[in-house]
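Here is how the chains run, residue by residue.
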Amino acid sequence: MDQIAHNWRRLEECIARAAESVGRSPAEIDVVAITKTRPAAAVEAAIRAGLRDAGENKVQEAEAKKAEIELGQGPAHAAAKWHFVGHLQTNKAGKAVALFDLVQSVDSTRLATALDRRAAGAGRCLDILIQVNTSGAVQQRGVSPDELISLAEETAGLSHLRLRGLMTIAEHCEDERQVRSCFSRLRELGERLTATRIEGVDMRYLSMGMSADFELAIAEGANLVRLGTAIFGPRRD
């Protein structure tokens, strides 16, 4: 677990360099620790090291992990905000509302409506991001750029959701120009969405960048980066 604290300190330095190289403050950038397959003890160690946001891509795994953390000795469960970052099926909307502070991967009116209905039943408002497929790759999930404004308008009309920004996953390739173009596209879409002045839309977050490409994402305006390996080391699965 000491290695996690060491990795976090090194990551802070990397983020600071990446931000300052493009005239940004490192304080603008938050890290979401992607905890997929990581044990609860590792998540607690990351929170003790300074992380405040944890991300899961499976509802069942988050449910079990959060329960284990809450049964533990420390206050880690109270210190962290939990983000859902994977593909969410509508039949899991109720559990997602109960477990997560922010759902980053809303990509359809159907899912948004299901989350809104479940949030209303729970008596809460849920923060969400719209996931956009900026690469055009068929294997990537997310709404197409052409459909973004329409989905944002529909989502903004749901009283128990708060649209807080956009999320994307860059194309998996070796060409940095192609990867960076996915991030610049999301930034441009965010600017376009802001310019529409849709009531209820608060473009607070651009969630983009993972362990292999977060520095490129920061250069293009990311203020949420989703990092797993950079914090926890390589997975053993």
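Anything mentioned here points back to the structure above.
Bear in mind the structure is a predicted one, so any value in this text is a computation, not a measurement. (Residues numbered from 1 in each chain as written. Predicted model: local features only at pLDDT ≥ 70, side-chain atom pairs only at ≥ 80, totals over all residues. Heavy atoms only, no water.)

### Describing the side chain of asparagine 7
Following the sequence through the fold, asparagine 7 ends up in helix H1 (residues 2–20). Among all residues touching asparagine 7, those that are not within four sequence positions of it are Ala230, Ile231, Phe232 and Gly233. (Helix = DSSP H or I, 4+ residues; strand = E, 2+ residues; numbered from the N terminus. Contact = heavy atoms within 4.5 Å.)

### Some points on the nonpolar core
Counting 69 residues, the largest nonpolar core has Val31, Leu115, Ile130, Leu166 and Ile231 as the members making the most contacts within it. Among the elements that take part in this core, H1 stands out by supplying 7 residues, more than any other. Contacts of isoleucine 130, omitting those with residues within four sequence positions, involve Gln104, Val106, Val143, Leu148, Leu151, Ala152, Thr155, Leu163, Gly165, Leu166 and Met167. (Core = buried A, V, L, I, M, F, W, Y, C linked by side-chain atoms within 4.5 Å. Buried < 20%, exposed > 50% of the residue type's maximum accessible area, 1.4 Å probe, protein only.)

### Topic: the packing of helix H2 (residues 40–49) against helix H3 (residues 59–70)
Each pair of packed helices gets described by two things: the angle between the helix axes and the distance between those axes. Across the interface, H2 lies against H3 with an axial gap of 9 Å and an inter-helix angle of 65 degrees. If you check the angle between H2 and H3, you find them roughly perpendicular. As for how H2 packs across H3, the hand of that crossing is right-handed. Across the interface between the two elements, Ala40, Val43 and Glu44 from H2 touch Lys65, Glu68 and Ile69 from H3. Of the residues assigned to the contact of H2 with H3, the class counts are 3 nonpolar, no polar and 3 charged. (Axes fitted to C-alpha atoms, helices over the stretch in contact; angles between N-to-C directions. Parallel < 35°, antiparallel > 145°, perpendicular 65-115°, else oblique. Left-handed = near helix turned anticlockwise from the far one by under 90°. Nonpolar A, V, L, I, M, F, W, Y, C, P; charged D, E, K, R; others polar.)

### A few points about the layout of surface pockets
Put simply, the largest pocket is a space of about 800 Å³. As for the largest pocket, its lining consists of 31 residues, and the residues nearest its centre are Ile169, His172, Met210, Ser211 and Arg226. Sorting the residues of the lining of the largest pocket by element identifies helix H8 (176–196), helix H9 (214–219) and strand S8 (224–227) as the ones contributing at least two each. It is H9 that provides the largest number of residues to the lining of the largest pocket, a total of 3 residues. Along the lines of polarity and charge, the residues of the lining of the largest pocket split into 11 nonpolar, 10 polar and 10 charged. (1 Å grid on protein atoms, 1.4 Å probe; cavity = no way out; pocket = protein on both sides within 12 Å on 5 of 7 lines; lining within 4 Å. Points joined across faces, edges and corners; volume = space filled by probe spheres on them.)

### Some points on the environment of alanine 46
Residue placement: alanine 46 occurs in helix H2. Judged by relative accessible area, which is 3%, alanine 46 ranks as buried. Separated by 32 residues in sequence, alanine 46 and cysteine 14 have C-alpha atoms that sit 17 Å apart. Beyond its immediate chain neighbours, meaning those up to four positions away, alanine 46 contacts Ile4, Leu51, Ile231 and Phe232.

### As for the pairing of strand S4 (residues 102–106)
For S4, the tally of buried residues reaches 5 of 5 residues, placing the bulk of the element in the interior. Sheet topology note: the strand S3 (residues 81–84)/S4 ladder contains 2 bridges and is parallel. By the bridge assignment, histidine 83 is partnered in S4 with leucine 102. For the handedness criterion, the β-α-β arrangement of S3, helix H5 (residues 93–99) and S4 is classed as right-handed. Two strands pair when backbone bridges link them, and S4 and strand S5 (residues 126–131) are joined in this way by 3 bridges, in the parallel orientation. (Pairing = 2+ DSSP bridges. Right-handed = clockwise from strand over helix to strand, strands pointing away.)

### Details of the side chain of lysine 66
Within the fold, lysine 66 resides in helix H3. Apart from residues no more than four positions distant in its own chain, lysine 66 is found in contact with Trp82 and Leu99.

### Things to note about the packing of aromatic side chains
Taken as a whole and assessed by the stated rule, the structure comprises 1 aromatic pair. Ring geometry for phenylalanine 84 against phenylalanine 100: centres 5.2 Å apart, planes inclined by 70 degrees, an arrangement best described as edge-to-face. You can see phenylalanine 84 sitting in strand S3 and its partner phenylalanine 100 sitting in the loop between H5 and S4, a full 16 residues away along the chain. (Phe/Tyr/Trp six-rings, centres within 6.5 Å; stacked < 30°, edge-to-face > 60°.)

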